[in-house]
Amino acid sequence: MSAPTTDHDPAAVADRFARFARDEAPGRSDVYLAWAEGVAVDPGMCEILARIPATRRQPPLVFAVTRMLGAPLDGGYDAWAAFVRAHAATVVAECAARTLQTNEPLRCAALLPALARLQGPIALLELGASGGLCLYPDRYAYRFRAGDDVVAVDPGGGAAVVLEAELRGAVPDLRLPDVVWRAGIDLQPLDAGDPADRAWLEGLVWPEETARARRIAAAIDVAAADPPRLVAGDAADLGLVRRLAAEAPRDAALVITTPGVLPYVPRGRRDALIAALRAPGGIRPEPVHWITLDQPALHDAWTPPIDTGTWGPGFALALDGEVLAAADPLGAWIDWRA
């Protein structure tokens, strides 16, 4: 969570964008593939992008910033590069001020089976909430494909957001939680009702991901209509977590979620946060539940311990440390193992 550092190394920029073009963009975005390939062999562009702090020049972040600023999607690399050269100072400044914020509501499809194991009204607090799109599991509809069957879970009155996921293994209890309070902490929280923040959230979607773009746009509408309590701050700041948790209704089960945020917390602070989440009274006097979706090797707070050699693909979904399933990091599939 430290401030970004500058590492002016054009060769490192070329290598980073070449790896992105080789390993990440193929099959997902022809636009980003062409842009990354162009950067990798353009010394002048690498010189410009090397002015961005090293921790803020990930290709998807750079590309999202340039799109937000008006870079054309058509015209190939030459048109994009011309735009960046003409607006170099602004591009560098915006990249330095922003971070990648994967606010994917589809993660709620992975969280739902864990939430369904809890009784009574729920107060939901997400660490690393971005725009809060994962704070509305009760407002979305779900379609779980289980073999030849489809398990539907719908809120009363229907939903503008329908999340589709594949369910492998046994079919767990699936029902919507009763969320009575929702809040989040993020270094740079985004307001779904603010046009600029909305543009940034939508701009983080890769150009060809049209279904995802529609899903996120609809989820932004949900958040804008009933904004959550979002607080700017470090998600690993236990004092801040405790103060915000103290605002939650005492008669609701407080559920703290950490989907995808723990890799960005330094090891020592991560361990302290997990210890507080698991200890009685570690966050507030009343019981607190913890739901997370993490790489199995990220920490050892799993019950039972995870054998990473036999785990297989996917992240681990856990409730209070109890491993329930393997799951796609963004919620596209759940392999139930509880």
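Residues numbered from 1 in each chain as written. Predicted model: local features only at pLDDT ≥ 70, side-chain atom pairs only at ≥ 80, totals over all residues. Heavy atoms only, no water.

*Asks:* When you look at the packing of aromatic side chains in this model, what are you seeing that I'm missing?
*Replies:* Each aromatic ring pair is specified by the distance between its two centres and by the angle formed by the two planes. If you walk through the whole model with that rule in mind, you get 11 aromatic pairs. Geometrically, the ring pair formed by F17 and F63 is edge-to-face, given 5.7 Å between the ring centres and 70 degrees between the ring planes. Of this pair, F17 sits in helix α1 (residues 10-23) while F63 sits in helix α4 (residues 59-69), and the two are 46 residues apart along the sequence. With relative accessibility at 0%, the residue F63 sits in the buried group. (Phe/Tyr/Trp six-rings, centres within 6.5 Å; stacked < 30°, edge-to-face > 60°. Helix = DSSP H or I, 4+ residues; strand = E, 2+ residues; numbered from the N terminus. Buried < 20%, exposed > 50% of the residue type's maximum accessible area, 1.4 Å probe, protein only.)

*Asks:* Any chance you could explain the confidence of the model for the protein chain here in plain terms?
*Replies:* Regions with low pLDDT should not have their predicted coordinates read in detail. Per-residue confidence for the protein chain gives a mean pLDDT of 94; residues scoring 70 or more make up 98%. Overall, residues 1-5 carries pLDDT values under 50, and its contacts beyond four positions in sequence, including any with other chains, amount to 13 contacts. (pLDDT = per-residue confidence, 0-100. Contact = heavy atoms within 4.5 Å.)

*Asks:* What is the right way to read the pairing of strand β8 (residues 288-294) from this model?
*Replies:* A regular strand places its side chains so that they alternate between the two faces of the sheet. Burial of β8 is extensive: 6 of the 7 residues sit out of reach of the surface. Two strands pair when backbone bridges link them, and strand β7 (residues 253-257) and β8 are joined in this way by 4 bridges, in the parallel orientation. The partner of V255 across the bridge, within β8, is H289. For the crossover from β7 across helix α11 (residues 267-278) to β8, the handedness is right-handed. Across 4 bridges, the pairing between β8 and strand β9 (residues 315-319) is antiparallel. Bridged to T292 within β9 is A318. (Pairing = 2+ DSSP bridges. Right-handed = clockwise from strand over helix to strand, strands pointing away.)

*Asks:* Explain the packing of α4 against helix α6 (residues 88-97) here, please?
*Replies:* When two helices pack together, their arrangement is given by the angle between the helix axes and the distance between those axes. One can describe the packing of α4 onto α6 by two numbers: an axis separation of 10 Å at closest approach and a directional angle of 125 degrees. It follows that α4 is oblique to α6 by the angle criterion. Viewed along their axes, α4 and α6 form a crossing whose handedness is right-handed. On the side of α4, the interface is formed by L61, V62, V65, T66, M68 and L69, while α6 contributes T90, V91, E94 and C95. Taken together, the residues of the contact of α4 with α6 sort by class into 7 nonpolar, 2 polar and 1 charged. (Axes fitted to C-alpha atoms, helices over the stretch in contact; angles between N-to-C directions. Parallel < 35°, antiparallel > 145°, perpendicular 65-115°, else oblique. Left-handed = near helix turned anticlockwise from the far one by under 90°. Nonpolar A, V, L, I, M, F, W, Y, C, P; charged D, E, K, R; others polar.)

*Asks:* Just to check I follow, could you spell out the sheet that holds strand β4 (residues 162-168) for this structure?
*Replies:* Consider a sheet: its strands pair through backbone hydrogen bonds, and that pairing is either parallel or antiparallel. The strand order across the open sheet built from 11 strands is β3-β2-β4-β11-β10-β9-β8-β7-β1-β5-β6, with neighbouring strands paired in mixed fashion. Here the strands that pair on one side only, and so sit at the sheet edges, are β3 (149-153) and β6 (229-232). Strand after strand, the sheet turns through a mean of 25 degrees between neighbouring axes, direction not considered. Alignment of β4 against strand β11 (residues 333-336), held across 3 bridges, turns out to be parallel. Each residue of the ladder has a partner; that of L167, found in β11, is I334. Strands in contact with helix α10 (residues 238-245) are β1 (121-127), β5 (178-186), β6 and β7; relative to β5, the strand with the most contacts, it is inclined by about 155 degrees.

*Asks:* For this particular structure, what's the right way to read unusual backbone geometry?
*Replies:* It is generally the case that most residues other than glycine have a negative phi and that most peptide bonds are trans. Cis geometry marks the peptide bond from T303 to P304; its omega dihedral reads -5 degrees. In this fold, P304 is placed in the loop between β8 and α12 (308-311). Residues other than glycine seldom take positive phi values, yet S130 does so here, at roughly 55 degrees. For S130, the location among the structural elements is in the loop between β1 and β2 (141-146).

*Asks:* Please explain the pairing of β1 as it appears in this structure.
*Replies:* For β1, the buried fraction is high: 6 of the 7 residues fall into the buried class. In the sheet, β1 pairs with β5 via 7 bridges, with the strands oriented parallel. By the bridge assignment, A123 is partnered in β5 with W181. Of the pairings in the sheet, the one linking β1 to β7 comprises 5 bridges and is parallel in character. Pairing of I122 across the sheet is with A253, part of β7.

*Asks:* Can you help me understand α10 in this one?
*Replies:* Structurally, the α-helix is built with 3.6 residues per turn, so residues lying three or four positions apart point the same way. Regarding α10, the residues found buried are L238, L240, V241, L244 and A245. The buried side chains of α10 occupy one side of the element, clustering within an arc of 160 degrees when seen end-on. N-cap assignment for α10: the residue whose side-chain oxygen lies 3.0 Å from the backbone N of G239 is D237. (Arc of directions from axis to C-beta. Polar contact = N/O pair within 3.5 Å; in protein donor to acceptor, adjacent residues only side chain to side chain.)

*Asks:* I would appreciate a short explanation of the nonpolar core in the present structure.
*Replies:* The nonpolar side chains of a soluble globular protein tend to be buried with one another. Of all hydrophobic cores here, the largest spans 83 residues; its most connected members are W80, Y140 and F144. The element best represented in this core is helix α7 (residues 107-115), accounting for 7 residues. Contact partners of Y140, with chain neighbours within four places excluded, come to P105, C108, L133, V153, P155, A159, V161, L163, L176, A219 and V222. Core analysis: the second largest hydrophobic core is formed by 28 residues, L240, L244, A245 and A301 among them. (Core = buried A, V, L, I, M, F, W, Y, C linked by side-chain atoms within 4.5 Å.)

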